[in-house]
Amino acid sequence: MEWLKTHRGDVLLIAALLVLAGALALFLRLGRHSGGYVSVSVRGEVVAELPLDQDASLPIETEGGHNLLIVAGGAARMESADCPDLLCVKMGPVRWAGESIVCLPHGVVVTVEDGPDGGFDAASR
Amino acid sequence: MNAKRIARFGLLVALALALSYAESLLPSPGVPGVKLGLPNLVVVFALYRLGTADAWALSLVRAALASVLFGSGVSLAYSLAGAALSLLVMCLLKQSGKFSETGVSVAGGVAHNGGQIIVAALLLETTRLAWYLPVLCLSGTVAGVLIGVVSALLVKRVPEFKS
């Protein structure tokens, strides 16, 4: 096939990137485990830590505006925000250790952390 | 730079900016950084038809203007980092001679997303953004294929802009 000859490099590159994406996803998926609590930071500074097994709501005030974080049913989600793109709200809930919700305009990062009994044992069960 | 070249350059910057704006109107799929990369049509075109120097100027001017006009305060760093890493990789791949516009565009799309993740990780002082890598790698590849196929047609068929 003529087209395949002239585009051999392209096809190999695309295949390599698809394999890379799949391998990364598999790696993250295999290593995932439920988190113990969420850590909320504004511009790199931790402002709050909430356990995931207790339902709660946390208003986050930043220089850029405010966000409302809800913890319910073992997962945390950004309920509302006044940032322009609302990507943090659209990201949906997070529950696995290492997952995060990021609101770039406000510099807010919500990260799921290992619980006290999490870490290696929880990951290898 | 003669007048004709300046006029062409301005036209392409305007076109890339218009595409940036058009893209900002599209609904976001919910993961930051997942997008088509419409302005990259113009950057790939410029890279092949005007040369490396003009493509760099176009891409950086486009990124800076777009983030000032359509972005929020911190978006300048993301925008420039994505544009610069993307174009660097595209230049290298083009010079290797092993790839067509499609391959170059695919690598550019993935590199753009990679550059933005790196800046986000630095600015937010977190390494936990690794969770976005698989989906951004996939979306960069798919968007790169679409943009690359159209760019290849443009490079082949647009009659003007021979420098």
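Structure's up top.
Nothing here was measured: the structure is a model prediction, and the numbers come from that model. (Residues numbered from 1 in each chain as written. Chains lettered and ligands numbered in written order. Predicted model: local features only at pLDDT ≥ 70, side-chain atom pairs only at ≥ 80, totals over all residues. Heavy atoms only, no water.)

Novice: Could you clarify how one ought to interpret the overall build of chain B in this entry?
Specialist: Along its length, chain B carries six helices and zero strands. Overall, chain B shows an N-to-C arrangement of helices and strands of α-α-α-α-α-α. For 163 residues, the compact-globule formula gives about 15 Å, and the C-alpha radius of gyration of chain B, at 15 Å, lands near that figure. In terms of its C-alpha atoms, chain B occupies a principal-axis envelope of roughly 45 × 35 × 25 Å. Scored against the burial criterion, the 163 residues of chain B give a buried share of 48%. Considering only contacts within chain B whose residues lie at least 6 apart along the sequence, 74% involve residues at least 24 apart. Accessible surface for chain B amounts to roughly 7,500 Å². Of this, 72% is attributable to carbon and sulfur atoms. In chain B, the 12 positive side-chain charges and the 5 negative ones have mean positions that sit 7 Å from each other. (Helix = DSSP H or I, 4+ residues; strand = E, 2+ residues; numbered from the N terminus. Rg over C-alpha atoms; globule rule 2.2 N^0.38 Å. Buried < 20%, exposed > 50% of the residue type's maximum accessible area, 1.4 Å probe, protein only. Contact = heavy atoms within 4.5 Å. Areas by Shrake-Rupley, 256 points an atom, 1.4 Å probe, with all protein chains shown as cover. Lys, Arg positive; Asp, Glu negative; His and termini not counted. Charge placed at Lys NZ, Arg CZ, Asp CG, Glu CD.)

Novice: Where do I start with the packing of helix α3 (residues 52-70) of chain B against helix α4 (residues 75-96) of chain B in this structure?
Specialist: Packed helices, taken two at a time, are described by their axes: the angle between them and the distance between them. Residues and elements named next belong to chain B. The N-to-C vectors of α3 and α4 enclose an angle of 160°; their axes lie 8 Å apart at closest approach. As the angle between them shows, α3 and α4 are arranged roughly antiparallel. α3 and α4 meet at a crossing whose hand is right-handed. The segment α3 lies against α4, with Thr-52, Ala-55, Trp-56, Ser-59, Leu-60, Ala-63, Ala-64 and Ser-67 engaging Ser-75, Leu-76, Ser-79, Leu-80, Ala-83, Ala-84, Leu-87, Leu-88, Cys-91 and Gln-95. (Axes fitted to C-alpha atoms, helices over the stretch in contact; angles between N-to-C directions. Parallel < 35°, antiparallel > 145°, perpendicular 65-115°, else oblique. Left-handed = near helix turned anticlockwise from the far one by under 90°.)

Novice: Even after reading the chapter, I still don't get the interface of chain B and chain A, so can you show me in this structure?
Specialist: Accessible area lost upon the coming together of the parts serves often as the stated size of an interface. Taken together, the contact pairs 31 residues of chain B with 32 residues of chain A. In total, chain B and chain A occlude about 2,500 Å² of area from one another, counting both sides; carbon and sulfur atoms represent 73% of this. Counting across the interface, chain B meets chain A through zero salt bridges. Where chain B packs against chain A, one counts three residue pairs in polar contact (both at pLDDT 80 or more). Put simply, the parts of the chain that give the side of chain B that touches chain A at least two residues each are α4, α5 (101-124) and α6 (133-157) of chain B. Top contributing element to the side of chain B that touches chain A by residue count: α5(B), with seven residues. Among the residues forming the side of chain B that touches chain A, the class breakdown is 20 nonpolar, eight polar and three charged. (Buried area = accessible area lost by both parts, 1.4 Å probe. Salt bridge = Lys/Arg side-chain N within 4 Å of Asp/Glu carboxyl O. Polar contact = N/O pair within 3.5 Å; in protein donor to acceptor, adjacent residues only side chain to side chain. Nonpolar A, V, L, I, M, F, W, Y, C, P; charged D, E, K, R; others polar.)

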